[in-house]
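These are the residues of each chain, in order.
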Amino acid sequence: MKNIFFLSAIILLLLSCGGPTENTMNVTGNVKGLKKGTLYLQHVPDSVLTTIDSLQIDGDGNFYFTTELESPEIFYLYLDKKDANDINDRITFFGEPGTITINTTWNTFDTKAKIEGSETQKKLEEYRQMMSKFNMKTLEIVRLANDPNKVLDSVQLDSMQRLSNRNLQRSYAFSLNYALNNKDSYIAPYIALNEVPDANVKYLDSIYGSLAPEVAESKYGKQLKTYLETLKK
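Residues numbered from 1 in each chain as written. Predicted model: local features only at pLDDT ≥ 70, side-chain atom pairs only at ≥ 80, totals over all residues. Heavy atoms only, no water.

**Points about the sheet that holds strand S4 (residues 62–68)**
Read from one edge of the open sheet, four strands run S4-S1-S7-S8, paired in mixed fashion. Taken across any chain shown, the strands that pair with only one partner, and hence form the sheet edges, are S4 and strand S8 (114–116). Each strand of the sheet is rotated relative to its neighbour by a mean of 15 degrees, with strand direction disregarded. Looking at chain direction, strand S1 (residues 24–32) and strand S7 (residues 98–105) are connected through eight bridges and run parallel. Looking at S7, one finds that asparagine 30 is bridged to asparagine 103. (Pairing = 2+ DSSP bridges. Helix = DSSP H or I, 4+ residues; strand = E, 2+ residues; numbered from the N terminus. Axes fitted to C-alpha atoms, helices over the stretch in contact; angles between N-to-C directions.)

The following block contains the structure:
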């Protein structure tokens, strides 16, 4: 009887101290080649970038962070290498409950990062891959229009402008359709808020109206609802 009482007391003590819950996110991984620096886990709870936790790296690039989530959202893994250069030092990823593994290297920190464990991150990467094609098309049009070796007349310039506008319209259409086709994913309200916030309100309203209940009640779902209410005033 005493043993049962003692075991129960230990369990209650552990629960009171707090432990992993269904909303706990663990971020772990390795920055290959990193000998010294500071890693920061960051997010934007309202409108200001905020550091949740930090870790001093000294000879070992392994890291581990844990935090509780309101709902899946964008997080940042920032590396301060003390080199007076903030370029390519921040990895953006879609955090969600569970374990997310990020493996990268110190000299290609954000460009070569491999992120696993987040289904919403997979959706974000899929979306970005397609959007990069639209961006490359725009850059190609700009390059052709400003080619010093080929002077274009007004008709040709107008044609280039139409191509650029059409490419922009296609990218917007893709973004809106991607959100609508992923109504069960937290990526949908994120795209509406951050990629096409200036789209026609009826399209944004359609995205919000199609969201799965748990997505509509998420951080970005609630923000999209508030944003739509502001637009309709």
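Here the narrative resumes.
**Some points on the side chain of serine 175**
Note that serine 175 resides in helix H3 (residues 154–181). The class for serine 175 is buried, based on a relative accessible area of 2%. Sequence-distant contacts of serine 175, defined by excluding residues within four places in its chain, comprise Tyr127, Met131, Ile191 and Val196. (Buried < 20%, exposed > 50% of the residue type's maximum accessible area, 1.4 Å probe, protein only. Contact = heavy atoms within 4.5 Å.)

**Considering the environment of threonine 105**
Tracing the backbone through its elements, the reader meets threonine 105 in strand S7. Threonine 105 gets classed as partly exposed once you look at its relative accessible area, which sits at 22%. For the pair threonine 105 and lysine 32, spaced 73 residues apart in sequence, the C-alpha to C-alpha distance is 4.4 Å. Among all residues touching threonine 105, those that are not within four sequence positions of it are Val31 and Lys32. At a separation of 2.4 Å, a polar atom in the side chain of threonine 105 contacts the side chain of threonine 108. (Polar contact = N/O pair within 3.5 Å; in protein donor to acceptor, adjacent residues only side chain to side chain.)

**A few points about the pairing of strand S2 (residues 36–43)**
Of all eight residues in S2, six are buried, a share of seventy percent or more. Where S2 and strand S3 (residues 50–58) come together, eight bridges link them in antiparallel fashion. Of the residues in S3, the one forming a bridge with threonine 38 is glutamine 56. Between S2 and S3, which pair antiparallel one after the other, the connecting turn spans six residues. Of the pairings in the sheet, the one linking S2 to strand S5 (residues 73–80) comprises six bridges and is antiparallel in character. Following the sheet pairing, histidine 43 is matched in S5 by phenylalanine 75.

**Examining the packing of aromatic side chains**
In this description, a pair of aromatic rings is defined by centroid distance and the angle of the planes. Tallying each qualifying case throughout the model produces ten aromatic pairs. Between phenylalanine 134 and phenylalanine 174, the aromatic rings sit 6.0 Å apart at their centres with planes inclined by 45 degrees, giving tilted as the arrangement. You can see phenylalanine 134 sitting in helix H2 (residues 119–145) and its partner phenylalanine 174 sitting in helix H3, a full 40 residues away along the chain. Plain terms: the ring middles of tyrosine 190 and tyrosine 220 are 5.5 Å apart, the flat faces sit at 55 degrees to each other, and that makes the pair tilted. Of this pair, tyrosine 190 sits in helix H4 (residues 187–194) while tyrosine 220 sits in helix H7 (residues 219–232); the two residues are 30 residues apart in sequence, bridging distant segments of the chain. Taken individually, tyrosine 190 and tyrosine 220 each receive the classification buried, so the pair is uniform in this respect. Through pairs of rings, three or more aromatic residues link up here, namely Tyr127, Phe134, Phe174 and Tyr178. (Phe/Tyr/Trp six-rings, centres within 6.5 Å; stacked < 30°, edge-to-face > 60°.)

**Focus on the packing of H3 against H4**
Put simply, H3 and H4 touch, their axes get as near as 8 Å, and they point 150 degrees apart. By the angle class used here, H3 and H4 are roughly antiparallel. Judged by the sense of rotation from one axis to the other, the crossing of H3 with H4 is left-handed. Contact with H3, carried on its side by Ser175, Tyr178 and Ala179, involves Ile187, Ala188 and Ile191 of H4 and no other residues of that element. Classifying every residue of the contact of H3 with H4 by side-chain character gives five nonpolar, one polar and no charged. (Parallel < 35°, antiparallel > 145°, perpendicular 65-115°, else oblique. Left-handed = near helix turned anticlockwise from the far one by under 90°. Nonpolar A, V, L, I, M, F, W, Y, C, P; charged D, E, K, R; others polar.)

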